[in-house]
Every structure is written in C-alpha cells, then in structure tokens.
Amino acid sequence: MTRAAHTPSEVPAATDPLHLIDVDHVRCYVGNAKQAAYFYAHTFGFQISQLADLTTGSRDEADYLLTQGNIRLMLTTPLTKDHPAAEELSLYGDGVKDVAFTVHDAVKTYEQALRNGAEPAREPRVISDANGAVTVASIKTYGRCIHTFVSRTGRYALPMVKQGAEFMPVFKHIDSPVNEHNRKHPCGLKYVDHLVGNVELGKMDHWVEWYENVLGFAMFKHFDDKDIGTQYSALMSKVMSSGNNLIKMPINEPAPGLKKSQVQEFLDWHDDTPGVQHLALRTDDELASVAELRRRGVDFLSLPDSYYDIVWDRVNTMLKKHGHDAVREDHDRIKDLGILVDADDEGYLLQLFTKPLQDRPTLFFEIICRRGSQSFGKGNFKALFEALELEQERRGNL
Ligand code: FE2
C-alpha cells in the first residue's frame, strides 16, 4: 500500500476552476422514483424533501430530492420512452448516473475539464428565475456515469439549499408522515465519505490517470489482489482523492481468481459497463446508525461469528503499536450488530455493507464511522470476500 502526497493547489480556491466545494448531489436513475423515494426514506431515514414532476412543470422526468445531513440523493425516473434514462434503466437497472460537484463557476470548470481531456456529456445551461440561477454542465466519466458541475446563485446557493431553500427552479417542497418519523428517529448519516467505481479488467490505471489529468485528483492509496482477495476471487483498487480531500473515489478492477470476482459479477449484471458499486455514507456513531437501520429492515451483509474471534486482537494490537487507544465502542454490541472493525497507523474505523439495494447485484451502501483511520477497511476485505462469495453462491454467480 502506498500513499501519495497531495500536491497543494497553488491557485486560490475561489479562482481554481477545479476546486470542488461540495458533493452537490448524487443522482440515481430508478424505475419508479415515487416508490424508490419511500424505500430510501423508510429504510435509510432520508427526508423526502423536494419534487419536480408533471405537477411542477417537469414534462419528461420526475425527480425526488432526498436529504439527510449533507447528503443529497436525487432519484430520477423518465416519463417518456425517449428520455435517455429509459434505455439506461433497461441496460443497467437502478443505479448511479451522476456524481455532481458544486463549484464556483460551472462553465469555467467544464471548459477546464475539457481542456484537460474530458469528453462532454451535456453542454452548459442556466436554469433561472427571479430567485436566482443554477448553472450546470456535465462531462463523461466511466461507463454511463457523468460528473455534473453545478454553480448556484441567489436563493439556490448551496448554503440556502442546505437550510431548506428550493434545489433549483421547478422543484417544490413536499412533506410526508415519513419525514416526521425520520426527524424523531434519525439514522445519523452525515455525508458521502467515498464512492467506489467498478471498471473492467485492465482499465483501473486508465481511470486513475483520467481523474489525475481531468479533475486534478491524486492517488491516496492502492491495494492489490494480495490485499483484497481469497484463493477464489479478488479485486484491485486504487483510491483517488480530490485536491481538497472533499471526496475519495476508489476505482476497482477485477483480479483473476479461481471463481468470479465481485467486480466481475457487477459488470455481468451491468451490461459489461463500468459503474458505481457503492456509496459510503459517514456517521459519527456507527452503533446507533446501524441499530436504527437494522430496526428499519436494512439488509446488511452478515459475517461468520468467527470474525469476532480474531478481530479484537488484530485491531487492538495495531492501535497499541501506533500509540492509539483501543476501540472505545462496546465490543459485544459491535458483534451483536454485525459491525466490522479495522485499524491502521492512524486509528480505527467501523463499517458495514448493505446487500444490493435493488434486485440486480449492483449498487449497495456502506455505513462508515472513522476514528482516526483514513483507509477503507483493508483488514476486512478477506473476511468480507468470504461473506460476499457466500452471497454470490446463493445467487448462482460464483
Ligand atoms: Fe467502501
């Protein structure tokens, strides 16, 4: 494993076109946004905040903005067969289409990205009314995914949106009894910690260079198949990080094994097309979040009990070696909740992975809490792979 030093940007943030202010939103194409909104609200505690559909003047798609902490999840469903999402849904099922970044000037960012080698996806356009303006422009990344750059003024500025202002013109607020329930019983998810892409065998380095060249990202860590594998299946991963560490985007490719890699299974059910494999959502209290999510019926990957026979020794030895306190959360509750633990030289982390969120074995969520550690749970990969292989076997995909 290596860690590359981040090169501090010499350009002041406000004038650096590639300076990413925030993850503006993550857009998923789904088959039925109205129903998916209730799934994510009921199981993960999102507020169903805003809506754009026929009733608000949106004639070709319905968009539901779900919010929790600083996470904005946009669920989009096409209303006509000519909408590009209609074909993508038949090819890929529900999944992530767009990882959008808030920037100071979407047009300048877009033009800089094109100069850096990006392919355009959507030309810049301005959506405005008397309250302000939202400028969007998009570039293509792996597979059918895009990055939209979003700059906002007036009432649509991001700080206003975070306080409840409309997301952009055509959106209206909605309320639902589930929102009230979620305010009383929070799941505690704060923001997107990282977002993992699966690409084809031999393509990881291509996309690593793409994120370096086009968006000025730097390599944070990398893992090879010796780190992340069993004798049967494996993957390789490199973690790309935005210049200001706003977001980390690990990129996986399958590694050869006796049986099928989980990355290959994703590709098989995703029309052999790269895409977002999981979204890691950060919490400050893993135990409280996972307990609430389990109560709501979230389906998590389960590990054999034997995992907990060895994990404390592994983790606490590492923490002691580097002068950190032992894991402070109750060990028995961690085991009861089936949470995974890992440690490195900087501290530890708690994490847990859901099963796929739709019928295809593609997109899933990770719930992660960091106590100093900035890595991704390398020590859990082997245990996790064994659990994943069990699941793949159940699906007849191993
Ligand atoms: Fe992850």
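Our subject is the structure that appears above.
Below: a short report on this structure. What you are looking at is a predicted structure, and each value in this text was computed from that prediction instead of being measured. Per chain, residue numbering runs from 1 following the sequence as it is written. The model is predicted, so local features are restricted to residues of pLDDT at least 70 and side-chain atom pairs to those at 80 or more, both for listing and for counting; the totals for chains, interfaces and linings are taken over all residues. Each side-chain value is worked out from all heavy atoms of the structure, with water and hydrogens disregarded.

1. Brief notes about the sheet that holds strand β6 (residues 120-129)
And then number 1: A pair of strands is treated as paired once DSSP finds two or more bridges between them. Per the convention used, a helix needs a DSSP run of H or I reaching at least four residues, while a strand needs a run of E reaching at least two, with both numbered from the N terminus. Taken together, 9 strands build an open sheet; the order of strands is β6-β7-β8-β5-β1-β4-β3-β2-β9 and the sheet is mixed. In the strand order of this sheet, the two ends are held by β6 and β9 (172-173), each with one partner.
And then number 2: As defined by bridge partners, strand β2 (residues 47-52) adjoins β9 across 2 bridges and the pair is classed as antiparallel. What sits directly across from Leu51, in β9, is Lys172.

2. Some points on the layout of surface pockets
And then number 1: For each structure, a 1 Å grid was placed over the protein atoms alone; sets of points admitting a 1.4 Å probe that cannot get out are labelled cavities, open sets with protein on both sides within 12 Å along at least five of seven lines are labelled pockets, and lining residues have an atom within 4 Å of a point. Grid points are joined across faces, edges and corners, and a volume is the space filled by probe spheres set on the points. Volume-wise, the largest pocket comes out at about 530 Å³.
And then number 2: In this structure, the largest pocket is lined by 25 residues; those nearest its centre are Arg27, Glu61, Asp63, Arg125 and Met168.
And then number 3: Broken down by secondary-structure element, the contributors of at least two residues to the lining of the largest pocket are β1 (22-29), β3 (61-68), β6, β7 (132-140) and β8 (146-152).
And then number 4: Residue composition of the lining of the largest pocket, grouped by class: 12 nonpolar, 6 polar and 7 charged. Charged means Asp, Glu, Lys or Arg here, nonpolar means Ala, Val, Leu, Ile, Met, Phe, Trp, Tyr, Cys or Pro, and polar covers whatever is left, Gly included.

3. Digging into the coordination of the iron ion
And then number 1: The rule for donors is simple: an N, O or S atom within 2.8 Å of the metal counts, and for Na, K and Ca the reach is 3.2 Å. Water is not among the atoms, so a site may look short of donors. Bound to the iron ion are the protein donor atoms His194 (NE2), His278 (NE2) and Glu366 (OE), situated 2.0 to 2.2 Å from the metal.
And then number 2: In terms of primary sequence, the donors binding the iron ion are separated according to H-x83-H-x87-E. Of this pair, His278 sits in strand β14 (residues 275-283) while Glu366 sits in strand β17 (residues 364-371); the two residues are 88 residues apart in sequence, bridging distant segments of the chain.
And then number 3: Each residue's exposure class comes from its accessible area (1.4 Å probe, protein chains only) as a fraction of the maximum for that residue type: buried when under 20%, exposed when over 50%, partly exposed otherwise. Among the residues examined, His278 registers a relative accessible area of 8% and is labelled buried.
And then number 4: Judged by relative accessible area, Glu366 falls into the buried class, the value being 1%.

4. Focus on the pairing of β14
And then number 1: Along β14, 9 of the 9 residues are buried, which leaves the element largely enclosed by surrounding structure.
And then number 2: Relative to β14, strand β10 (residues 189-198) runs antiparallel, the two sharing 8 bridges. The residue of β14 that forms the bridge with His194 is Ala280.
And then number 3: Note: β14 against β17, 5 bridges, orientation parallel. Counted as the bridge partner of Leu281 is Ile367 from β17.

5. With respect to empty space enclosed by the protein
And then number 1: Within this structure, the stated rule accounts for 3 cavities of 30 Å³ or more.
And then number 2: Forming the walls of the largest cavity are 21 residues, and the residues nearest its centre are Asn252, Gln277, His278, Phe353 and Phe381.
And then number 3: Listing elements by their share of the lining of the largest cavity, those giving two or more residues are β10, β12 (234-241), β13 (248-255), β14, β17 and α11 (378-394).
And then number 4: For the lining of the largest cavity, the class distribution of residues is 14 nonpolar, 6 polar and 1 charged.
And then number 5: What lines the second largest cavity is a set of 15 residues, among which Gln262, Glu265, Phe364, Leu388 and Arg395 lie closest to the centre.
And then number 6: Where the lining of the second largest cavity is concerned, the elements lending two or more residues are α7 (262-268) and α11.
And then number 7: Considering each element in turn, the lining of the second largest cavity owes the most residues, 3 residues, to α7.
And then number 8: Each residue belonging to the lining of the second largest cavity can be placed in one class, and the counts come to 6 nonpolar, 6 polar and 3 charged.

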